Amino acid sequence: MADALAAGPVVLDGGLSTELESRGHDVTSALWSARLLRDDPDAIRDAHAAFEAAGAQVATTASYQATVPGFAAAGYADAEGLIARSVQLAREGAPTSWVAGSVGPYGAYLADGSEYTGGYLADVTVAQLREFHRPRLQVLAEAGVDVLACETLPGAAEVEALLAEVEPLGVPAWVSLTVVAGPDGVRTRRGEPLASVVAVAAPHVVAVGVNCTDPAVVAPSVAAGATVVSPNSGEGWDAAARRWTGATGAGWDVPGWVAAGARLVGGCCRVRPDDVARVATALR
């Protein structure tokens, strides 16, 4: 993957849960799409296949919200086996793609939308974050992912924790943050300048970037050093009602992002295979 990124941009997939929901599956539980790892694995495999057919070169596993404590709380047995299954399903559904093991933030496990505020980082230590993330990272690495995708991180502390846990695994990784833009530039949800987080993380991973962020924030994020860009549709997430609100955003300037330095380009929530196909076409 590092060689591919040096040669040019790589197309990421889109919102796996969005695609599953569009096919009639209920993803409103605390487990989100991870519920289907046990209840309907064929659906996950088929969604991966749809993104690869659209031109995605990376299949991101259905493990964003798949954690050992999360499965335990839902009464699901064999959490490790279900996390490993997410890798198998991505391989089967998208056999020509790189498989990226999705690692969502601690806030995703809380299932209260706090990955978009980072509020939990005021109370959870780096040591606790490392302990929380370790089992899933180990399972994904042992299951043979090509790269670990540590996604939707709201602050520098969680980046620090994940970098510390990823390093001994010997598996490439990227980290991407959810950010906002203001008059003083792009910042993480916890208020740190994105450029400072990129500078710290970049020597340790294949890429650093942003995801599940308004498309309008991508260009300034790339200017701040982001090379992973995976915006959502521009709509907002209502965590209490568990639904998307507002209008689809504009500003998908894929050629411009790549010209400015983006290398892993795809979409997040509410981005479907047709949208990924437009990204792939723009890059061609």
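Please read these numbers as outputs of a predicted model, since none were measured by experiment. (Residues numbered from 1 in each chain as written. Predicted model: local features only at pLDDT ≥ 70, side-chain atom pairs only at ≥ 80, totals over all residues. Heavy atoms only, no water.)

(A) Structural context of the overall build of the protein. Across its full length, the protein holds 13 helices and 12 strands. The C-alpha radius of gyration of the protein comes to 17 Å, within 12% of the 19 Å expected for a compact globule of 284 residues. If one aligns the C-alpha atoms of the protein with their principal axes, the spans along those axes are about 45 × 40 × 40 Å. Distance from the positive charge centre (19 side chains) to the negative charge centre (32 side chains) of the protein: 2 Å. (Helix = DSSP H or I, 4+ residues; strand = E, 2+ residues; numbered from the N terminus. Rg over C-alpha atoms; globule rule 2.2 N^0.38 Å. Lys, Arg positive; Asp, Glu negative; His and termini not counted. Charge placed at Lys NZ, Arg CZ, Asp CG, Glu CD.)

(B) Representation of unusual backbone geometry within the structure. In this structure, alanine 111 is a non-glycine residue whose phi angle is positive, near 55 degrees. Within the secondary structure layout, alanine 111 lies in the loop between helix H7 (106-110) and helix H8 (126-142).

(C) Seen up close, the nonpolar core. Of all hydrophobic cores here, the largest spans 66 residues; its most connected members are Leu37, Phe71 and Leu148. The leading source of residues in this core is helix H6 (residues 79-93), at six residues. If you look at the next biggest cluster of nonpolar residues, it comprises 11 residues, including Ala100, Trp174, Ala207 and Val228. (Core = buried A, V, L, I, M, F, W, Y, C linked by side-chain atoms within 4.5 Å. Buried < 20%, exposed > 50% of the residue type's maximum accessible area, 1.4 Å probe, protein only.)

(D) Up close: the pairing of strand E5 (residues 173-177). Within E5, five of the five residues are buried, which leaves it mostly tucked inside the rest of the structure. Residue alternation in E5 divides its side chains into two sets, Ala173, Val175 and Leu177 and Trp174 and Ser176, and both sets are buried. In this sheet, E5 lies alongside strand E4 (residues 147-153) in parallel orientation, the contact comprising four bridges. Along E5, the bridge assignment pairs leucine 153 with leucine 177. Following the backbone out of E4, through helix H9 (residues 156-166) and into the adjacent parallel E5, one traces a crossover that is right-handed. Examined bridge by bridge, E5 and strand E8 (residues 207-211) share four bridges and lie parallel to one another. Along E8, the bridge assignment pairs tryptophan 174 with alanine 207. (Pairing = 2+ DSSP bridges. Right-handed = clockwise from strand over helix to strand, strands pointing away.)

(E) Molecular detail of helix H13 (residues 273-283). All buried positions along H13 are accounted for by Pro273, Val276, Val279 and Ala280. One side of H13 holds all its buried residues, which, seen down the axis, span an arc of 110 degrees. In H13, the exposed positions angled more than 90 degrees off the buried face are occupied by Asp274 and Arg278. Summarising the contacts, the buried residues of H13 are in contact with strand E1 (10-11), helix H2 (16-22), helix H4 (41-54), helix H12 (254-260) and strand E12 (264-265). (Arc of directions from axis to C-beta. Contact = heavy atoms within 4.5 Å.)

(F) Expanded view of the packing of H4 against H13. One can describe the packing of H4 onto H13 by two numbers: an axis separation of 8 Å at closest approach and a directional angle of 30 degrees. By the criterion of interaxial angle, the relationship of H4 to H13 is roughly parallel. Where H4 crosses over H13, the two elements pack in a sense that is right-handed. When H4 is examined against H13, the residues Ala50, Phe51 and Ala54 are found in contact with a partner set consisting of Pro273, Val276, Ala277 and Ala280. Tallied by class, residues from the contact of H4 with H13 come to seven nonpolar, no polar and no charged. (Axes fitted to C-alpha atoms, helices over the stretch in contact; angles between N-to-C directions. Parallel < 35°, antiparallel > 145°, perpendicular 65-115°, else oblique. Left-handed = near helix turned anticlockwise from the far one by under 90°. Nonpolar A, V, L, I, M, F, W, Y, C, P; charged D, E, K, R; others polar.)

(G) Structural context of the sheet that holds strand E2 (residues 58-60). Overall, parallel pairing links the eight strands, which are arranged E1-E12-E9-E8-E5-E4-E3-E2 in an open sheet. Because the sheet does not close on itself, it has two edges, and the strands there are E1 and E2. Bridge analysis of E8 against strand E9 (residues 228-230) gives three bridges, and the strand direction is parallel. Residue asparagine 211 lies in a different strand from E9, and its bridge partner there is serine 230. Contacting strand E3 (98-103) and E4, H8 runs over the sheet at an angle of about 170 degrees to E3.

(H) Representation of the state of the cysteines. A full pass over the atoms with the stated rule returns zero disulfides. In this structure cysteine 150 is not part of a disulfide, and its nearest cysteine sulfur, from cysteine 268, lies 14 Å away. Take cysteine 268: it sits in no disulfide, and the sulfur closest to it among the cysteines is that of cysteine 212, at 3.8 Å. With relative accessibility at 13%, the residue cysteine 268 sits in the buried group. (Disulfide = S-S within 2.5 Å.)

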